[in-house]
Each structure stands twice: as structure tokens, then as C-alpha cells.
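Now for the letters of each chain:
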Amino acid sequence: MKYFLVFYFILINIAGANEVETRTATISKNLRCLVCDGQSVYESNSDFARDIKNYVKKEIMKNRTDKEIYDFLISKYGDSIIFNPLLTLKNIMLWLAPAIFFIIGIFIITRRLNVTK
Amino acid sequence: MYLKKEFKIFILLIFFGLLFFLFYYSLYKTKDFEPKVMIGKQFPNLTEESLFNNEILNIRHISDNDLFVVNIFASWCAPCKVEHPFLMKLKNKNILIIGINYKDTKDNAKKFLRKFKNPYQEVLLDYKGELSINLGAYGVPETYLVDKNFKIIDKQIGPINNDFVEKVLNLR
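(A) Inspection of the overall build of chain B at higher detail. What chain B contains, in helices and strands, is 6 helices and 7 strands. Mapped in sequence order, the helices and strands of chain B form the string α-β-β-α-β-α-β-α-β-α-β-β-α. A compact globule built from 172 residues would reach a C-alpha radius of gyration of about 16 Å, whereas chain B, at 23 Å, exceeds it by more than 25%. By principal-axis analysis of the C-alpha atoms, chain B measures approximately 85 × 30 × 30 Å. Out of the 172 residues belonging to chain B, those deemed buried represent 42%. The long-range fraction of contacts in chain B, counting pairs at least 24 apart against all pairs at least 6 apart in sequence, stands at 72%. Summed over all atoms, the accessible surface of chain B reaches about 10,100 Å², with 58% contributed by carbon and sulfur. Taking the average place of the 25 positive charges on the side chains of chain B and the average place of its 19 negative ones, the gap between the two points comes to 5 Å.

What follows is the structure, given as C-alpha cells:
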């Protein structure tokens, strides 16, 4: 029984550590290394990227949610630190432009089709 | 009908012209960091061990109710040596400067300050770069100008220069 409990706690610790590593990797892949060109924090080995990775890992171990971690980093470095841009007034055109062009395209095609008929 | 067609071409040309300038501008825009993110915000409540003794210090308790400067430096950082005379200039004008020693060893940091003179009232140790993240720093050196209400009023990424010194002295 004693050995079973020891084995059980070791397994739980390994699983917990793996979860922390997986979440750290997932979040780091969505963070831009702001001092490197086109690399994520996960890929980069710069001081900046290593600091951010350590920060993310530490916060995960403190049971912080992904949103709390992202919000903190955005408050310090701005939206540009994350790869998936948030929907804000500044970039609303970026989100709406494809839909607008799609609608214009459909409108032009249907008009042309009606004309040729 | 002919005029209508011309008008359409004109609109298309304007549209593609605008697109061209938008892409051209984005392509050649200098990729400066964004120091503005932290400007106007409250200076974080940072607590860490002192370089000079083993005391745990809070930056807010070091400042003396006046404008102060926080400088991130390291003994291994070459641009830090370049900006050092300007920090000394600020110190000689009685501007309080608090140092954050980034990923360094105590011995090396002390040697650095002995060699180039010490402009800092206090130096907090940032072994893991955690204080720097709290300040939204990208690396070393970086300098923050903080008012007496602990509002960050300016941030310099890279070595400070005479312009920064003048700015601090004028704001005083």
C-alpha cells in the first residue's frame, strides 16, 4: 500500500509538470518575441524570450488563467506581443475588410450575371 | 456610358494607389519598440534584494517625494557603459536614480560601479528578469522617468543621452 501511494504521488507530479510545460509551450507559441524578427517567444532563445517563458511558467504554477497571463503581458508590452490580434477599434477594419470585399465581390458578380441574362 | 467607365477606372486607380501607399508605408516603417505602452501608467510596486546589503527594498520607499529615474543596467552590457556619464550627470544635478541590476552577479555589478562610479541611490537585483517584465522592459539599458505620484512620464529604450538629461532637468 505504501509503495502504491508513493508511485501514485510520483505519477500525479509528473502529470502536473507535463501540464505546466504544455501550457507554457502553448502560450509561448502565441507570444511574439519583440526583440527578434518573426519568431515566437517559444522559438527564440533571446534573454527577452527566456524571461517571458519563465514568467509564463511561474504564473501557470500560481494557477493563473491564460487570460490573466495574456492580459498582464498586453498591459506591459501592448497588443503586439500576441500573434492573434484582439478585436479593437484600431484594427476593426482588419477584421471587417475581408467580409466587406466578399460582399462587394458577390454584388458585382450577381450584377454581371443579371446583365448578361 | 464612356464617362461612367472612366469614372470606374479612376476609382480603381485611387483604391490601388491607396493600397500601394499603405503597404509601402508599413514595409518601410521603422520597427521601433513601443515605449509608449508604459508611459502614463503607475510605476509598479517592485520589491527586491539590494545590491549593497541583503535588505529587501521597495522602490516606492526609496524615492523622496520628487521626480526620480529608474535605470536597468548590467555589468556585461556595453551600451550601459556609453550611457554611464549621463547618469553621473543626472546624479550630480541631485536627481535620484534607482538602479535595477539585470541578470548579473553581485561581484560584477559592484566592480562595474567601482570602476565607472556609482550614480545610484539604491540598486535592486533582478536575477531572473522578473522586475524588468513588470516594467515592460525589452532588455538593457532602459530608463524610466517617474514623477512624485509614481506615474511613468517617459521611457528610454537603449542608452540615454544629453537630450534625456535635459528633459529630466527641465521637468524638475
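(B) Representation of the pattern of salt bridges within the structure. Tallied over the full model, the rule gives 12 salt bridges over all chains. Ionic pairing is found between Lys103(B) and Asp51(A), a salt bridge with its closest N-O pair at 2.4 Å. Residue Lys103(B) is located in the loop between strand 4 (96–102) and helix 4 (106–116), and its partner Asp51(A) is located in helix 2 (residues 47–61); the two belong to separate chains. Since its relative accessible area comes to 23%, Lys103(B) is described here as partly exposed. For Asp51(A), a relative accessible area of 4% puts it in the buried group. Lys67(A) is the salt-bridge partner of Asp71(A), the closest N and O atoms lying 2.7 Å from each other. Residue Asp71(A) and its partner Lys67(A) are both found in helix 3 (residues 66–77); the two are separated by 4 residues, about one turn of the helix. Taking the relative accessible area as the measure of exposure, Asp71(A) reaches 37% and is therefore partly exposed. Overlapping salt bridges bring together Asp47(A), Arg50(A), Asp51(A) and Lys103(B) as one network.

(C) Quick peek at the packing of aromatic side chains. Residue and element names in this part refer to chain B. Applying the stated rule across the entire model yields 14 aromatic pairs over all chains. Residues Trp76 and Tyr102 carry aromatic rings whose centres are separated by 6.2 Å and whose planes lie at 55° to one another, so their mutual orientation is tilted. Here Trp76 is found in the loop between strand 3 (68–73) and helix 3 (78–92), whereas its partner Tyr102 is found in strand 4, with 26 residues between them in sequence. Trp76 sits in the partly exposed class, given a relative accessible area of 44%. A centroid spacing of 5.0 Å and a plane angle of 50° characterise the contact between Phe112 and Phe116, whose relative ring orientation is tilted. With Phe112 and Phe116 both in helix 4 and 4 residues apart, the pair spans about one turn of that helix.

(D) Broad picture of the interface of chain B and chain A. Listed as interface residues are 20 residues of chain B and, on the opposing side, 18 residues of chain A. Inspection of the chain B/chain A interface yields 3 salt bridges. Between Lys103(B) and Asp47(A) there is a salt bridge whose closest N-O contact spans 3.5 Å. Split by residue class, the side of chain B that touches chain A holds 10 nonpolar, 4 polar and 6 charged.

Calculation criteria
Residues numbered from 1 in each chain as written. Chains lettered and ligands numbered in written order. Predicted model: local features only at pLDDT ≥ 70, side-chain atom pairs only at ≥ 80, totals over all residues. Heavy atoms only, no water. Helix = DSSP H or I, 4+ residues; strand = E, 2+ residues; numbered from the N terminus. Rg over C-alpha atoms; globule rule 2.2 N^0.38 Å. Buried < 20%, exposed > 50% of the residue type's maximum accessible area, 1.4 Å probe, protein only. Contact = heavy atoms within 4.5 Å. Areas by Shrake-Rupley, 256 points an atom, 1.4 Å probe, with all protein chains shown as cover. Lys, Arg positive; Asp, Glu negative; His and termini not counted. Charge placed at Lys NZ, Arg CZ, Asp CG, Glu CD. Salt bridge = Lys/Arg side-chain N within 4 Å of Asp/Glu carboxyl O. Phe/Tyr/Trp six-rings, centres within 6.5 Å; stacked < 30°, edge-to-face > 60°. Nonpolar A, V, L, I, M, F, W, Y, C, P; charged D, E, K, R; others polar.

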